[in-house]
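Observations on the three-dimensional arrangement
Each chain, letter by letter, is given below.
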Amino acid sequence: MPSRRAVLGVAAASVAAAAFPLPQLRAQARPRVVVIGGGFAGASCARALKQMDRDLAVTLVEPEAAYVACPFSNTVLAGLRGIEAQTFGYDGLGDVGLIRKRAVAVDAERGRVRLNDGTNIDYARLVLAPGIELNFDALPGYDAAAAEIMPHAWKAGPQTLLLRDQLAAIQDGGTVILSAPANPFRCPPGPYERASLIAHYLKTSKPRSKLIILDAKDAFSKQRLFEAAWQELYPGLIEWVPLSAGGQVTEVDAATRTFVTEFGSHKADVASVIPPQRAGAIAQVAGVADQTGWCPIDPVTFESQLRPGIHVIGDAAIGGAMPKSAFSANAQAKACAAAVAALLREREPTQPKLINTCYSLVAPDYGISIAGVYQPRDGLLAEVEGAGGTSPLDAAKEVRELEAAYAEDWFRTITSEVFG
């Protein structure tokens, strides 16, 4: 049943749509900004818009009652925490109007969003934060049904629990295989943190087992740090097969949990397929995704390069070197909110400088990190040379323990900031 806030939000939106044609709406003292998607990017942007300009009418469209966070969901797979620790409601969003519906269409010419119940919402500016959609068309044999046998667990929730339960049921001495796609995809270090924490679980619970990573790349984020940690913590347990050694998966057979590559096939007892991805469905529908499946944006305002008046943030956006992470989504959301608030008041948006920090757990008490700073340059978000870096390769045990603690602190801090 929709919450009282959702009902009020729908009612308010419907009244606005019925009462004001678009030119009048834009002339109002309280212009409406509609944000679609209640993850790290969308919820951050909605909150930031209200904090920056109390006179804006901000509406967040999100069909789910709660958001299940992907960062730290690999710890759920390893049995280190419950899924409830990953789950956040929207009661902390203050006076942001929340509509518990799904956006199904966008009329960019009229400035209007249509919801799955037929309701229309007019907007002065639209922000899309739809996250990713799994591209089932890109990997033969893998579809929604196959994902119930070979879970991707790349959208946290039931898939996470399915993969966790499969790991718990595997016999000691079994083989776990996970596949990693080619770039770009959500959270570039994610597959390797997943491998690390599954290896921790196998080492401590089923030590005769083996983990194989089939990778569509020859290099990955924080590679030297991960490989050094695997050698130290899990010698002989993890086998990484890069692209050049036949790691790219070209087909899967869910019935037999078999991965097919150009060099042969691999049969698993537990299989996790992380398939190729693209921007969430509403981005495709709105016409802001290009032939790559991702959304090109202006690096200053995050306004779509394909549809004026629509901004795209978070995992769905592609605009240069900035990775697709929760920290990036939060940083982009605040920069986008500032730009939208400025544009609605006919002010010049300021040039943003954005930070990304990403922690990965290799074991519960062993963390590594990477940080970067990005700014607009030549139409893209470019990395500021010398402004970032990774954990030291030869760090002491105490440093790794501190980084693991920092990772926990980071998660608590960002989820508190986003969801209240």
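Conventions we followed
Residues numbered from 1 in each chain as written. Predicted model: local features only at pLDDT ≥ 70, side-chain atom pairs only at ≥ 80, totals over all residues. Heavy atoms only, no water. Helix = DSSP H or I, 4+ residues; strand = E, 2+ residues; numbered from the N terminus. Rg over C-alpha atoms; globule rule 2.2 N^0.38 Å. Buried < 20%, exposed > 50% of the residue type's maximum accessible area, 1.4 Å probe, protein only. Contact = heavy atoms within 4.5 Å. Areas by Shrake-Rupley, 256 points an atom, 1.4 Å probe, with all protein chains shown as cover. Lys, Arg positive; Asp, Glu negative; His and termini not counted. Charge placed at Lys NZ, Arg CZ, Asp CG, Glu CD. Polar contact = N/O pair within 3.5 Å; in protein donor to acceptor, adjacent residues only side chain to side chain. Pairing = 2+ DSSP bridges. Axes fitted to C-alpha atoms, helices over the stretch in contact; angles between N-to-C directions. Expected span 1.5 Å × (residues − 1). UniProt positions renumbered as here; feature names shortened; annotations may be inferred. Phe/Tyr/Trp six-rings, centres within 6.5 Å; stacked < 30°, edge-to-face > 60°. Core = buried A, V, L, I, M, F, W, Y, C linked by side-chain atoms within 4.5 Å.

**Thoughts on the overall build of the chain**
The helix and strand inventory of the chain stands at ten helices and 25 strands. Since a compact globule built from 420 residues should have a radius of gyration of about 22 Å, the 22 Å found for the chain is in line with a globular shape. Counting only residues that meet the buried cut, the chain has 56% of its 420 residues in that class. Contacts in the chain between residues at least 24 apart in sequence constitute 66% of all its contacts with a sequence separation of at least 6. As displayed, the chain has an accessible area near 17,300 Å², and 51% of this comes from carbon and sulfur atoms. Looking at charge distribution, the chain has the averaged site of its 40 positive side-chain charges lying 6 Å from that of its 44 negative ones.

**Brief notes about the side chain of T258**
Among the structural elements, T258 can be located in strand β15 (residues 258–261). Owing to a relative accessible area of 14%, T258 belongs among the buried residues under this scheme. Engagement of the side chain of T258 in a polar contact is seen with the side chain of T256, the distance being 2.8 Å.

**Quick notes on the environment of L243**
Its location among the elements puts L243 in the loop between β13 (238–241) and β14 (249–253). Residue class for L243 comes out partly exposed when judged on its relative accessible area of 35%.

**Re the sheet that holds strand β7 (residues 112–115)**
Reading across the sheet, the three strands line up as β6-β7-β8 and stay open at both edges, with antiparallel pairing between neighbours. Where the open sheet ends on each side, the last strands, each with one partner, are β6 (103–107) and β8 (120–122). Neighbouring strand axes in the sheet, compared pairwise and without regard to direction, differ in orientation by 25° on average. When β7 meets β8, the two strands line up antiparallel, connected through three bridges. Bridge pairing links R112 to D122 in β8.

**Quick look at unusual backbone geometry**
Following N183, the chain continues into P184 via a peptide bond in cis, with omega recorded as -5°. Looking at where P184 falls in the secondary structure, it is placed in the loop between β11 (175–180) and α6 (190–205). Of note, C187 is a non-glycine position whose phi angle comes to about 55°, a positive value. C187 gets classed as partly exposed once you look at its relative accessible area, which sits at 25%.

**Considering helix α10 (residues 397–419)**
In this model, α10 (23 residues) spans 33 Å end to end at C-alpha, consistent with the 33 Å of a helix rising 1.5 Å per residue. Taken together, the buried positions of α10 are R400, E403, A404, A407, W410, F411, I414, T415, V418 and F419. Remark: G420 follows α10 within two positions and exhibits a positive phi of approximately 85°.

**A look at the UniProt feature "domain: FAD/NAD(P)-binding" (unreviewed entry) in the chain**
Look at the UniProt record and you will see "domain: FAD/NAD(P)-binding" (unreviewed entry) annotated at residues 32–142. Its end C-alpha atoms 41 Å apart, residues 32–142 is made of 16% helix and 34% strand.

**Some details on the packing of aromatic side chains**
A full pass over the atoms with the stated rule returns 16 aromatic pairs. Seen in terms of ring centroids, F40 and Y67 are 5.7 Å apart; in terms of plane orientation they differ by 90°. Their pairing is edge-to-face. One end of the pair, F40, is in helix α3 (residues 40–52); the other, Y67, is in strand β3 (residues 66–68), and 27 residues separate them in sequence. Taken individually, F40 and Y67 each receive the classification buried, so the pair is uniform in this respect. Ring centres of W410 and F411 lie 6.4 Å apart, and the angle between their planes is 45°; on these two criteria the pair is classed as tilted. You can call W410 buried: its relative accessible area is 15%. Classification of F411 as buried rests on a relative accessible area of 3%. Members of the aromatic cluster, joined through ring pairs, are F40, Y67, F72, F88, Y90, W410, F411 and F419.

**Details of the nonpolar core**
If you look at the biggest cluster of nonpolar residues, it comprises 111 residues, and the most contacted ones within it are L211 and W230. Looking at this core, the element that brings in the most residues is helix α9 (residues 326–344), giving ten residues. Leaving out residues up to four positions away in the same chain, L211 has contacts with V176, L178, A195, I198, A199, L202, L237, I238 and E239. Formed by 16 residues, the second largest nonpolar core is a distinct cluster that contains L139, Y142, V241 and V252.

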